[in-house]
Amino acid sequence: MTLTDKPVVDRQDNYPMKYWSRRKIDFQLLKIFNYNWILITILINFCLFTAIIALSNKQNSTGTAIMALSTNEGQRMFTDEQRERIIKEVYAKYPSYYPNFDKVHLMYASSLWIPTERYYLTVLRVYQFPFSSVLYVTTHSEDGWKERADKFKIGSFCGPGILPIPIDMTVNRCKGPEDPRIYRNEQDDICISFNMHSNDRRRIYMYNLNDGKLTKFDSPILPTDQLQKNWAPIKIADKIFYLYSYDPLRLMDCTEPNNCTIVNDGSIQPIGPLRTASPFTEVVKGIYFGFVFYHAEGEHYRPFLSVLEVDSGIPNSIRQIYLSEVLEFKNSSFTDPKILIACSIARVDLDRNFMDVTVFFEDKECCAYRLSGVKEFLQLAREESIIKK
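Draft legend 1. Focus on the packing of aromatic side chains. Throughout the structure, instances matching the rule amount to 15 aromatic pairs. When the ring of Tyr108 is compared with that of Phe360, the centres are 5.2 Å apart and the planes differ by 45 degrees; the resulting orientation is tilted. One end of the pair, Tyr108, is in strand β3 (residues 104-114); the other, Phe360, is in strand β23 (residues 354-361), with 252 residues separating them in the sequence. Look at Tyr108 and you get buried, because its relative accessible area is 2%. Exposure remark for Phe360: the relative accessible area of 2% places this residue in the buried category. Grouped by ring-pair contacts, the aromatic residues Tyr183, Phe217, Trp231, Tyr242 and Tyr244 constitute a single cluster. Across from the ring centre of Phe241, 5.4 Å away, lies the NZ or CZ of Lys239, which sits over that ring. The residue whose ring lies beneath Arg347 is Trp113, and the NZ or CZ to ring-centre distance is 4.0 Å.

Draft legend 2. Inspection of the confidence of the model for the protein at higher detail. In this model, the protein carries an average pLDDT of 82, and 80% of its residues clear a pLDDT of 70 or more. Long-range and interchain partners of residues 1-61, a stretch whose pLDDT sits below 50, account for 105 contacts in this model, where long-range means more than four residues apart.

Draft legend 3. Molecular detail of the sheet that holds strand β15 (residues 250-253). Pairing is antiparallel in the open sheet, where four strands are placed in the order β13-β14-β15-β16. Each edge of the sheet is formed by a strand with only one pairing partner; in this case those strands are β13 (232-236) and β16 (261-262). When β13 meets strand β14 (residues 239-245), the two strands line up antiparallel, connected through five bridges. By the bridge assignment, Ile234 is partnered in β14 with Phe241.

What counts and what doesn't
Residues numbered from 1 in each chain as written. Predicted model: local features only at pLDDT ≥ 70, side-chain atom pairs only at ≥ 80, totals over all residues. Heavy atoms only, no water. Phe/Tyr/Trp six-rings, centres within 6.5 Å; stacked < 30°, edge-to-face > 60°. Helix = DSSP H or I, 4+ residues; strand = E, 2+ residues; numbered from the N terminus. Buried < 20%, exposed > 50% of the residue type's maximum accessible area, 1.4 Å probe, protein only. Lys NZ or Arg CZ within 6 Å of the ring centre and 35° of its normal. pLDDT = per-residue confidence, 0-100. Contact = heavy atoms within 4.5 Å. Pairing = 2+ DSSP bridges.

Next comes the structure, spelled out in structure tokens:
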């Protein structure tokens, strides 16, 4: 069902918590038995589905807390005219890099509320199919998420404009920075992390807007042939860490950028179909909200709200205490999008009982939504013993 001014969870979709859909289980079982043994298939299907639900409930305890959240209709973050202006600006700087003007899209807009300036700072990926990207930084108004025409300056960066990231033009695919995440570091500088190919290896980078410094993160423990992406920044006890993976949950310390280490487990393991999408934000002490997304071959991309808990600011105590069911956001232009990812929690205001979220659809359109009922969510989560603080 499509939701507006209603709980954000679509319970009809009902992805089980261990990330399998019943449809996939049905398909695999029917394939195995080749449409024979119908009664046995039904019985095994029922047993597997029941076991998965029981396991997910034991691990994640969805409860009813998510039903406290409701969302508005959402706002397009860029009009057609603004989109055209941004693309023309990028095209003017990189004419050979963007030969197909009609195939350029704005996607993965990550935003951060700047209270002193009363605007949202937004970084987005300007993407040309199939494989070229730059990052563009602009601002949005507090009222209505309208892109502001005003110029701004952060450190030496003057915006709105293209982030000055050197691009390795020798790689065969995925040229340029992708999937930005905006956050504040230990010094309260505004930073943007992203993944990018260089020397045919995709790694995570961080650009500090305040001092203009670009940092590459790497580690001997990372497989040389493995693509690195979807690291999610999280600030614990005034120190920045990165969620290297969500499934399994692995927290990375990159104090030494060329020697990042995992603090809560020393091993690198294959990553499951749940990936981190947004930076994680501390909503109340020791409780962090963030969005993850589900991706498996042949399946739709869909977002989930995740809640993590950290005891007394101790990083290696990090654990998942809540994972919602699949979330749906209404967009009249996309009735059943294949790609729907919530990529940032731009602002949390407990006094006014809301959080603002940015979402993109089909790698083509960025929207902002206001989720109301954050205090009720926290209260219900406490009543259900999901949150004990």
